[in-house]
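Notes for the structure review
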Amino acid sequence: MTFLYHGLEARGAVWADIFAARVPQLPFWRWGIDPVDPAAVRYLAAWNAPADFIAHFPNLEVLFSVGAGIDQLPLAALPPQVRVVRMVEQGIITGMAEYVAMACLALHRDLPFFITEQRAGRWTYRHTRLAAESRVGVMGLGELGKAALAMLAPLGFPLSGWSRSAHHIEGVTCFSGAGGLGAFLAQVDILICLLPLTPETRGILCRETFAMMPRGSALVNAGRGGHLVAEDLIAALDSGQLRAAMLDVTDPEPLPEGHAIYHHPAVFLTPHVAAETRHGSAGEVLADNVLRLLAGEPLLGEVDRTRGY
Ligand code: NAP
Ligand code: GLV
């Protein structure tokens, strides 16, 4: 019985040391470095991997995602009995909360507009508002959505959130379900997407959604590129329905050379760096989870495969 890691070599080296210290009873193999007996592999950790890679391991029991999301894994190729576990670790959570706070402040204070004016050599005045006048709404009230809201709260933004099931978060007006989406969007000046990518949420950042937001509002997508219909965003920006957008994720990644998003003056783009898995803290979380697994205890971050997140 072994644990196999597939991914960045530097992370594998850190995790091998953590496993040697914390889970010495379980051999930790690194794909491409250690000799691997596929039949012995019960647990696998990967960020993404080709579908035919999964087929190598007939006795696989648990697939651990190296990241918070799981949609990038070849789940369709995974037998139904294999458990899937996402990464719930403080490095990702804090990184995302920082990114969202940065993006909200940048959009709230009209940075895309002022940068465009500076680049054009213009000194252009535009009235600014205080945070109390910019309503921020977060789609997805999971680990990342809640952490982002907690970081935004002291800045003074009026906050709201939207999720599948009903939530109660102090200081946050909560909406839920398809029935609550319109009311949520109607009162959001800066919309943050921190949803998982599932069949229900794919393409949710589209023309119909933008039309339900107040004219001149802004968008931050740090969920997945598949949430956004890029051409609808460009059209909403060009018509003034949206004023600006900050994107950390795109579909595909990287975007092809020359894509309109690279050059649109109202879009800020970062290359999927909002929240990175930190080798050390993630290795400890993974080791804790494997110890729970070996003890027959519930796992942190186990995905409901029927729900898709
Ligand atoms: P999570 O804890 O599983 O939370 C997911 C949230 O989304 C939950 O509140 C859930 O509602 C809500 N949700 C799911 N489907 C929905 C639907 N159909 N309608 C409304 N709400 C729905 O996930 P997380 O750890 O916060 O991570 C969220 C996502 O962030 C990841 O899946 C990944 O795609 C993305 N991410 C991006 C980066 C980056 O660097 N850009 C880094 C890490 C993660 P309930 O609470 O009702 O279940
Ligand atoms: C990054 O995108 C993650 O899912 O952790």
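Here the structure is a predicted model, which is why all the values come from computation and not from measurement.

Rules behind the numbers
Residues numbered from 1 in each chain as written. Chains lettered and ligands numbered in written order. Predicted model: local features only at pLDDT ≥ 70, side-chain atom pairs only at ≥ 80, totals over all residues. Heavy atoms only, no water. Near = heavy atom within 4 Å. Polar contact = N/O pair within 3.5 Å; in protein donor to acceptor, adjacent residues only side chain to side chain. Areas by Shrake-Rupley, 256 points an atom, 1.4 Å probe, with all protein chains shown as cover. Helix = DSSP H or I, 4+ residues; strand = E, 2+ residues; numbered from the N terminus. Nonpolar A, V, L, I, M, F, W, Y, C, P; charged D, E, K, R; others polar. Domains from an automatic or database assignment. Contact = heavy atoms within 4.5 Å. Buried area = accessible area lost by both parts, 1.4 Å probe. Buried < 20%, exposed > 50% of the residue type's maximum accessible area, 1.4 Å probe, protein only. Phe/Tyr/Trp six-rings, centres within 6.5 Å; stacked < 30°, edge-to-face > 60°. Lys NZ or Arg CZ within 6 Å of the ring centre and 35° of its normal. Pairing = 2+ DSSP bridges. Axes fitted to C-alpha atoms, helices over the stretch in contact; angles between N-to-C directions. Parallel < 35°, antiparallel > 145°, perpendicular 65-115°, else oblique. Left-handed = near helix turned anticlockwise from the far one by under 90°.

**Remarks on the site of ligand 1**
Of all residues adjacent to ligand 1, which total 29 residues, the nearest are Leu141, Ser165, His167, Asp248 and Tyr309. A distance of 2.9 Å is found between an oxygen atom of ligand 1 and a side-chain nitrogen or oxygen belonging to Arg86. The side chain of Ser165 places a nitrogen or oxygen atom 2.5 Å from an oxygen atom of ligand 1. Protein contact buries 93% of the 930 Å² of open area that ligand 1 shows by itself. Listed by contribution, the elements that provide at least two residues to the shell around ligand 1 are α3 (90-108), α5 (143-152) and β7 (159-163). For the shell around ligand 1, the residue count by class is 14 nonpolar, 9 polar and 6 charged.

**Observations regarding the domain arrangement of the chain**
Split by domain assignment, the chain resolves into domain 1 (2-89 + 277-294) and domain 2 (90-269). Computed from C-alpha atoms alone, the centre-to-centre distance between domain 1 and domain 2 is 32 Å. On the side of domain 2, 8 residues touch domain 1, which itself brings 13 residues to the contact. Taking both sides of the interface into account, the surface hidden between domain 1 and domain 2 amounts to around 730 Å²; carbon and sulfur atoms contribute 55%. In this assembly, domain 1 and domain 2 are joined by 5 residue pairs in polar contact (both at pLDDT 80 or more). Considering only residue class, the side of domain 1 that touches domain 2 consists of 4 nonpolar, 5 polar and 4 charged.

**Some thoughts on the site of ligand 2**
Surrounding ligand 2, one finds Trp47, Gly67, Ala68, Gly69, Arg224 and His272. At 2.7 Å, a backbone N or O of Ala68 approaches an oxygen atom of ligand 2. Among the residues making up the shell around ligand 2, the classes are represented as 2 nonpolar, 3 polar and 1 charged.

**Topic: the environment of Glu200**
Along the chain, Glu200 turns up in the loop between β9 (190-193) and α7 (207-212). Taking the relative accessible area as the measure of exposure, Glu200 reaches 61% and is therefore exposed.

**Concerning the packing of aromatic side chains**
All chains considered together, the criterion is met by 11 aromatic pairs. By way of ring pairs, the aromatic residues Phe3, Tyr5, Trp15, Phe19, Phe28 and Phe64 are connected into one cluster. Across from the ring centre of Trp15, 5.8 Å away, lies the NZ or CZ of Arg11, which sits over that ring. Here the guanidinium or amino end of Arg126 rests over the ring plane of Phe113, the centre of that ring lying 3.7 Å away.

**Some points on the pairing of strand β4 (residues 62-65)**
Neither face of β4 is exposed, since Val62 and Phe64 on one face and Leu63 and Ser65 on the opposite face are all buried. Bridging between strand β3 (residues 41-46) and β4 involves 4 bridges; their strand directions are parallel. From the neighbouring strand, Tyr43 faces β4, where its bridge partner is Val62. For β4 and strand β5 (residues 83-85), the ladder comprises 3 bridges, and the chain directions are parallel. Paired with Val62 across the bridge in β5 is Arg83.

**Focus: the sheet that holds strand β1 (residues 2-6)**
Taken in spatial order, the 5 strands line up as β2-β1-β3-β4-β5 in an open sheet, and their pairing is parallel. In the strand order of this sheet, the two ends are held by β2 (28-30) and β5, each with one partner. Averaged over all adjacent pairs, the angle separating strand axes in this sheet is 20°, with direction ignored. Helix α1 (residues 9-22) contacts β1, β2 and β3 of the sheet and is inclined by roughly 170° relative to β2. This element, helix α10 (residues 279-294), spans β1, β3, β4 and β5 of the sheet and lies at about 160° to β4.

**Brief notes about the packing of α3 against α5**
One can describe the packing of α3 onto α5 by two numbers: an axis separation of 8 Å at closest approach and a directional angle of 50°. Of the possible angle classes, the one that applies to α3 and α5 is oblique. The handedness of the crossing between α3 and α5 is right-handed. Facing α3, whose interface residues are Ile92, Ile93, Met96, Ala97, Glu98, Val100, Ala101 and Cys104, α5 presents Glu143, Leu144, Ala147, Ala148, Met151 and Leu152. Its residues assigned to classes, the contact of α3 with α5 comprises 12 nonpolar, no polar and 2 charged.

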